[in-house]
Amino acid sequence: MPDANPHDLERLARDALATGLPARLFEITRDEDLGPGGVPGDITAAASVDTSTLAITEVRAREGCVVAGLAFGSELVRAVAPDATFEPIARDGDRAEPGASLATLRGPARPVLAAERPLLNLLSRLSGVATRASEFVALASGTRAAICDTRKTTPGWRVLEKYAVVCGGGVSHRAGLHDAVLFKDNHAAARAPGQSFGEWVALAAQHAREAHPFLAFVEVECDTLGQYREVLALPRGLVDMVLLDNMTTSDLRRAVRERDDAGSSILLEASGGVTLDTARDIAQTGVDRISVGSITHGARSVDLGLDAVARAEAHPSPPLSDWADGIEAAIDARENADCAIARVAVVESTGSTQDLARRMVGGGPGLAVVAGRQTEGRGRLGRVWHDTLDLGLAMTLAIRTPMPSDRLALVGGVALVRAANALVGEPLFALRWPNDAVHCASGRKLAGVLIERAGETTFVGVGMNIAQRAHDWPSELAPHVISLRQVACPAHRLEAALALLGAFEVALTDSDDALEAAANGANALAGQRRTFRTPGGEVEGVVDRIGPDGSLVLTCGRSLPGSSTSLIPLAEPAHTPARRNKDAAG
């Protein structure tokens, strides 16, 4: 019999989301609170909370529970409040003590407030189901009996509640009437006059298997031991499971003994009014499964709360006219006279900071070119660097160095991650080889580096997303990018530029060991099996480490250079528009 009840939570969550049912439920959730399509929105927050106010909050357990639903938090928040960011702290299936932090919700305060109740409703309900499932599972401990759910679920919540059952250690039974067969007494009541129960089951099972060859299982409900014995006598392979409905523990033991004496592979499932008081006795009869409707219909929501852990006001960026003075002051304050950057040029707008730096560098010392707006930016391998007007940071560092391009790209990537994590005050970002800083929780791109050479000068182009909100991105980029503002970091563009300059100077002087340790300590691809495009064709392998020369080493021993290798994106969800030759940062 196919295993219809995998306990792989990550895969179960993906499968649940792939049905599209959670997305539809979350749209209803949004409309309940904010109005159709999210309009007019949270009118209370709009009247009382400034748009520049940012908030960092945590979902915390008010009582002990088994956690469930974190896998769906981002999807819910994206539907209800796309400017907010949801990040799990705990894992689904964890047992949380009172006061434990389960997740963070951060971003502009208005969307955080809008997402609070829908998010708590989701996590409280699913954690309640998982907690109740765990109580039944504990009672069956030491026996062969698995605890199963039923179709007695909240309308619209089934795939979520069944996921929660598995988080609690239970087994998810059939999803609905469409994926498995369960012949019950109401079906049997319609059999032809004079037809025996066993004959009817055999014929119906054969018809079901012929019409639907990929059934998860075929099960039949038996109300009496007489009916059960007729099923037990059928040819092997017609019936996978028998549901023994409302039988006494004595009858259950007899059914188990007769099944074992017959050498049958049929699984036996006990059902009918199972409670916490009776579950242990039923499990000890030797049945394989116990289905409990009250796991879902009798579960209560656990007490969770959303607590503010920090609040920050958005920092307005200083006027562009002050940027050069600020950067020059930082350059002058450095103790190392041999720093790579000694000059700065700030312009209001340019097509590409890379091209402008080429025209300005001349034969002088290292130069930093910063633009308030970049309109024709470019990324690696001929990609377009999306213009976000005056909301992001566009900067090029022109330096003279014999350092190979691949290592220099790694220096830039390490500097991006160090600067971003310093700005937010915690390790939220990692390195996606060779030169991208990505958000650890969502995989979205925050920043990137472009290396170009002309003669003895290397141009290090840097782009970082600073103040963008969800609606500032084109729809095809929004699922793939993130800004500091979206993770509730109040840094402004000049502050980010100074952090990047400092981090770049440090990374540029790192030893091989220090650079390699920094890169691998923040390696977002470590242990992943990914596919890469190289001049010699596609290469697939598990990522082992990043070398100090900027190469990516796979566990098979293959070493991939950064300059001529690109990461092939994982398949996008069906509802997400594919990227069209664009870098996901701007």
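Quick summary incoming for the structure in this document.

So, how was this worked out
Residues numbered from 1 in each chain as written. Predicted model: local features only at pLDDT ≥ 70, side-chain atom pairs only at ≥ 80, totals over all residues. Heavy atoms only, no water. Phe/Tyr/Trp six-rings, centres within 6.5 Å; stacked < 30°, edge-to-face > 60°. Helix = DSSP H or I, 4+ residues; strand = E, 2+ residues; numbered from the N terminus. Buried < 20%, exposed > 50% of the residue type's maximum accessible area, 1.4 Å probe, protein only. Pairing = 2+ DSSP bridges. Axes fitted to C-alpha atoms, helices over the stretch in contact; angles between N-to-C directions. Parallel < 35°, antiparallel > 145°, perpendicular 65-115°, else oblique. Contact = heavy atoms within 4.5 Å. Nonpolar A, V, L, I, M, F, W, Y, C, P; charged D, E, K, R; others polar. Arc of directions from axis to C-beta.

### Concerning the packing of aromatic side chains
Under the criterion given, the structure shown has 4 aromatic pairs. Each ring, one from Phe72 and one from Tyr163, has its centre 4.9 Å from the other, and the planes form 80 degrees; the classification is edge-to-face. Placement of Phe72 in the loop between β2 (65–66) and α4 (73–80) and of Tyr163 in helix α6 (residues 158–167) is noted, with a sequence separation of 91 residues between them. The exposure class assigned to Phe72 is buried, which follows from its relative accessible area of 0%. Judged by centre distance (6.1 Å) and plane angle (80 degrees), the ring pair of Trp433 and Phe532 falls under edge-to-face. Here Trp433, found in the loop between β16 (429–432) and β17 (436–439), pairs with Phe532, found in strand β20 (residues 529–534); they are 99 residues apart in sequence, far enough to count as distant.

### As for the sheet that holds β20
With antiparallel pairing, 5 strands are arranged side by side in an open sheet as β23-β22-β21-β20-β24. Pairing within the sheet leaves two strands with one partner each, and these edge strands are β23 (559–560) and β24 (566–567). In terms of strand pairing, strand β21 (residues 537–546) meets strand β22 (residues 552–554) through 3 bridges, oriented antiparallel. Pairing of Ile546 across the sheet is with Leu552, part of β22.

### A short note on the packing of helix α1 (residues 9–18) against α6
Between α1 and α6, whose axes approach to 10 Å, the crossing angle comes to 175 degrees. Comparing the axis directions of α1 and α6 gives the class roughly antiparallel. Counting all contacts with α1, which are made through Leu9, Leu12, Ala13 and Ala16, the residues of α6 involved are Val159, Tyr163, Val166 and Cys167. Of the residues in the contact of α1 with α6, the class split is 8 nonpolar, no polar and no charged.

### A word on the side chain of Asp406
Locating Asp406 in the fold gives a position in helix α15 (residues 405–424). With sequence-adjacent residues up to four places away left out, Asp406 is seen in contact with Asp549, Gly550, Pro561, Gly562 and Ser563.

### With respect to the pairing of strand β5 (residues 101–108)
Counting buried residues along β5, 7 of its 8 residues qualify, which places the element largely inside the surrounding structure. Sheet analysis places strand β1 (residues 53–61) next to β5, joined by 7 bridges and oriented antiparallel. Bridge pairing in β5 places Thr57 opposite Leu105.

### Regarding helix α13 (residues 323–332)
Of all the positions in α13, only Trp323, Ala324, Ile327 and Ile331 are classed as buried. The arc that holds the buried residues of α13, viewed along the axis, is 95 degrees, so those residues lie on one side. Within α13, the exposed residues directed more than 90 degrees away from the buried face are Asp325 and Asp332. For α13, the secondary structure elements touched by its buried residues are β13 (343–347), β14 (367–371) and α16 (493–508).

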